[in-house]
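Structure at a glance
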Amino acid sequence: MADTNARAKSVTPNGKAVAFRGGGFAPKPHRWVGGLVFVVLILLAEWGTRTGWISALTLPKPSDVLVTFLQLYDSGLLFRHLGPSLSRLVVGAAIGASLGISMGVLIGLFSYIRSGLVPLVAAIFPIPKIALLPLFVIWFGIGEGSKYALIAFGTFTPTVVATYGAVDNVDRTLIRMGQSFGLSWWSIVRKIVLPGAMPGILSGLRISLAIAIILLVAAEMLGAEYGIGAYILEAGSLYDLERLFAGVVILSLLGVGVSAIIGAVERRLLTWRT
Amino acid sequence: MDIRLDSICHSYDSFEVLRDISIDIASGQIVCIVGPSGCGKSTLLRFIGGLERPTSGQVLQIGAPPADSLNPLTYVFQDFALLPWRSVAGNISLVLEDHGIRGKAATKIIKDVLSRTKLSDFAEALPKQLSGGMKQRVAIARALAVRPAVMLMDEPLSALDAQTRELLMDDLVDLWTRQPFTAVYVTHNLAEAVRLGHKVVVLSRRPGQIREIVSIDTPLGQRAFGDADLDAHQKYLWHLMRDEARAADAELLHG
């Protein structure tokens, strides 16, 4: 008790308590805050549109968007749009990411490949892949081929860059250890380099897959009957803001889902991280 | 199998690191290499294990390594070099897999080396769960698993605190007493050198040259913490090194 009293009055007969000036600069996760921000923003939009403070042309009523979304679900159209979109996303991103990881590892391991391909990757990275869509239509046809190609190409470049960075960051002392025990080159790559690069590759995939979703919409704006992108494009050209927003919400949810999947993979594969 | 270093010289560009080093490492002996920082002692160890090549001179193996030795020249590193994604047993199995030893045969070796390093209860632990001293014991167990002819120890205790270092030195002495092994032990810590070395090679500052080779005849098992005879050896070594160490400390780093 005496101790707490002494702390309450900072000046005691024995001297002045040292002022605390440490702490902070250490972000901690607060799960509910993220949800709260969403709820507050949506409530604000709902309140604004209901009172007329925000005009119906500026922003649709969130409750109307929800109704539209439910209608979409009830009519079964949701899955007719979502199905093709998901398959395009999965196929395109899988092609792009696996090619990207392979090339990134090769760049990380071989000096000649690095010298030859790093400038090439730097040259194609900043090209807006959407601008190449007409070219892909000529190369791969108006059907699914050009859509896969666009998504694959878009995920490929960021995956390459993240992967070779991750391979570069693998602890060299572990590789020397492998050599000193007479491990074969292939064993060192498989058992030391790849697991060591995994954290970097997965965080690279977070970015690549978000880009894949963006490109999915772009790909579906040309010559697709079904798909989230086609749905949004149609809603946009009719100026149907409720449907436009319903589509955007689906994309956001898709992004959250992809991020959650990668989070789960990280928790599964990277338990060894401190 | 003995190792002979035959007039090894090494320079990086025009920067001379080691000059005319010749040492004989006899089977069953621990040879300690001490010297001021930057004298090239770790570089010398990398030559012995074939991780680097000297500018001139050569490292010779005299006689064949024992037939059951999987990796005759085996390192123990200062920073442990354990794979953080593999358990203790997995880290040891890593170095056996490439020799085609899996399953039961591997389990038998892993069990044996873990019990010799008092780690039997920690086979499934990940490196992040272990203290520094335990990590280094895992690294020693991993080195023992490949039955080395010569252990190349690069400041193995330097990353540990003083008490852990004492404990591990006792463990190393125990290991050697039960089954003598050949080792080249690089350290900057003279107490370790006089505790573990049959021979202590004192290198001068850069370019590293042999100043003196001190033999300590007291059997390893009889050397205890604070032994007067060892203290005398340690004082003598410090007397040899003191001015070198001071001069080395005052040098600008190459860079």
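Residues numbered from 1 in each chain as written. Chains lettered and ligands numbered in written order. Predicted model: local features only at pLDDT ≥ 70, side-chain atom pairs only at ≥ 80, totals over all residues. Heavy atoms only, no water.

**Section: the packing of aromatic side chains**
Residue and element names in this part refer to chain A. Counted by the stated rule, this structure contains 9 aromatic pairs over all chains. Measuring from ring centre to ring centre gives 5.8 Å for F136 and F153, while their planes differ by 85°; the resulting arrangement is edge-to-face. Of this pair, F136 sits in helix 6 (residues 133-140) while F153 sits in helix 7 (residues 144-168), placing them 17 residues apart in sequence. One aromatic cluster is present, built from ring pairs that chain together F136, W139, F140 and F153. Above the face of the F153 ring, K129 is positioned so that its terminal group lies 5.8 Å from the ring centre. (Phe/Tyr/Trp six-rings, centres within 6.5 Å; stacked < 30°, edge-to-face > 60°. Helix = DSSP H or I, 4+ residues; strand = E, 2+ residues; numbered from the N terminus. Lys NZ or Arg CZ within 6 Å of the ring centre and 35° of its normal.)

**With respect to the confidence of the model for chain B**
All names here are of chain B. When the pLDDT values of chain B are averaged, the result is 89; 98% of them are 70 or greater. Mean pLDDT in chain B bottoms out at helix 7 (residues 228-250), which sits at 85, and peaks at helix 2 (residues 88-97), which reaches 94. Prediction confidence for the complex, expressed as pTM and ipTM, is 0.82 and 0.86 respectively. (pLDDT = per-residue confidence, 0-100.)

**Description of the packing of helix 2 of chain B against helix 4 (residues 132-145) of chain B**
All names here are of chain B. Packing of helix 2 against helix 4 leaves a shortest axis separation of 9 Å and a crossing angle of 30°. With respect to helix 4, the axis of helix 2 lies roughly parallel. Remark: the crossing between helix 2 and helix 4 carries right-handed chirality. In this structure, helix 2 uses V88, N91, I92, V95 and L96 to contact helix 4, whose residues at the interface are V138, A141, R142 and A145. (Axes fitted to C-alpha atoms, helices over the stretch in contact; angles between N-to-C directions. Parallel < 35°, antiparallel > 145°, perpendicular 65-115°, else oblique. Left-handed = near helix turned anticlockwise from the far one by under 90°. Contact = heavy atoms within 4.5 Å.)

**Remarks on the pattern of salt bridges**
Considering all chains together, one arrives at 23 salt bridges over all chains under this definition. Taking the shortest distance from any N to any O, the salt bridge between B:R19 and B:E16 comes out at 2.9 Å. Residue class for B:R19 comes out partly exposed when judged on its relative accessible area of 34%. The structure contains a network of salt bridges with shared partners spanning A:K191, B:R86, B:E97 and B:D98. (Salt bridge = Lys/Arg side-chain N within 4 Å of Asp/Glu carboxyl O. Buried < 20%, exposed > 50% of the residue type's maximum accessible area, 1.4 Å probe, protein only.)

**Let's talk about the interface of chain A and chain B**
Every contact between the two is made by 19 residues of chain A and, on the other side, 23 residues of chain B. Both sides together, the interface formed by chain A and chain B hides about 1,800 Å², and carbon and sulfur atoms give 68% of it. Summed over the shared surface of chain A and chain B, the number is 2 salt bridges. A salt bridge links B:E97 to A:K191, with the nearest nitrogen and oxygen atoms 2.7 Å apart. Viewed at the interface, chain B and chain A are joined by 7 residue pairs in polar contact (both at pLDDT 80 or more). Elements with a contribution of two residues or more to the side of chain A that touches chain B: helix 8 (172-180) and helix 9 (185-220) of chain A. Among the elements that make up the side of chain A that touches chain B, the one with the highest residue count is helix 8 of chain A (6 residues). (Buried area = accessible area lost by both parts, 1.4 Å probe. Polar contact = N/O pair within 3.5 Å; in protein donor to acceptor, adjacent residues only side chain to side chain.)

**Section: the sheet that holds strand 2 (residues 15-25) of chain B**
Residue and element names in this part refer to chain B. If you trace the 3 strands from one edge of the open sheet to the other, you get 2-1-4, paired in antiparallel fashion. Each having just a single partner strand, strand 2 and strand 4 (56-62) make up the two edges of the open sheet. Across the sheet, the mean angle from the axis of one strand to that of its neighbour is 10°, orientation sign disregarded. Summarising the sheet, strand 1 (residues 2-12) and strand 4 pair through 6 bridges and their orientation is antiparallel. Looking across to strand 4, one finds that L5 is bridged to V59. Seen against the sheet, helix 1 (residues 41-48) touches strand 1, strand 2 and strand 4 and runs at an angle of roughly 125° to strand 1. (Pairing = 2+ DSSP bridges.)

**Here we look at the sheet that holds strand 9 (residues 210-215) of chain B**
All names here are of chain B. Taken in spatial order, the 6 strands line up as 5-6-7-3-8-9 in an open sheet, and their pairing is mixed. Each edge of the sheet is formed by a strand with only one pairing partner; in this case those strands are strand 5 (73-76) and strand 9. Here the strands of the sheet are splayed against their neighbours by 20° on average, with no regard to which way each runs. Of the pairings in the sheet, the one linking strand 6 (residues 150-154) to strand 7 (residues 182-186) comprises 5 bridges and is parallel in character. When the sheet's bridge partners are listed, M151 is paired in strand 7 with A183. Against the sheet, helix 4 makes contact with strand 5 and strand 6, and its axis sits at roughly 175° relative to strand 5, the strand it touches most.

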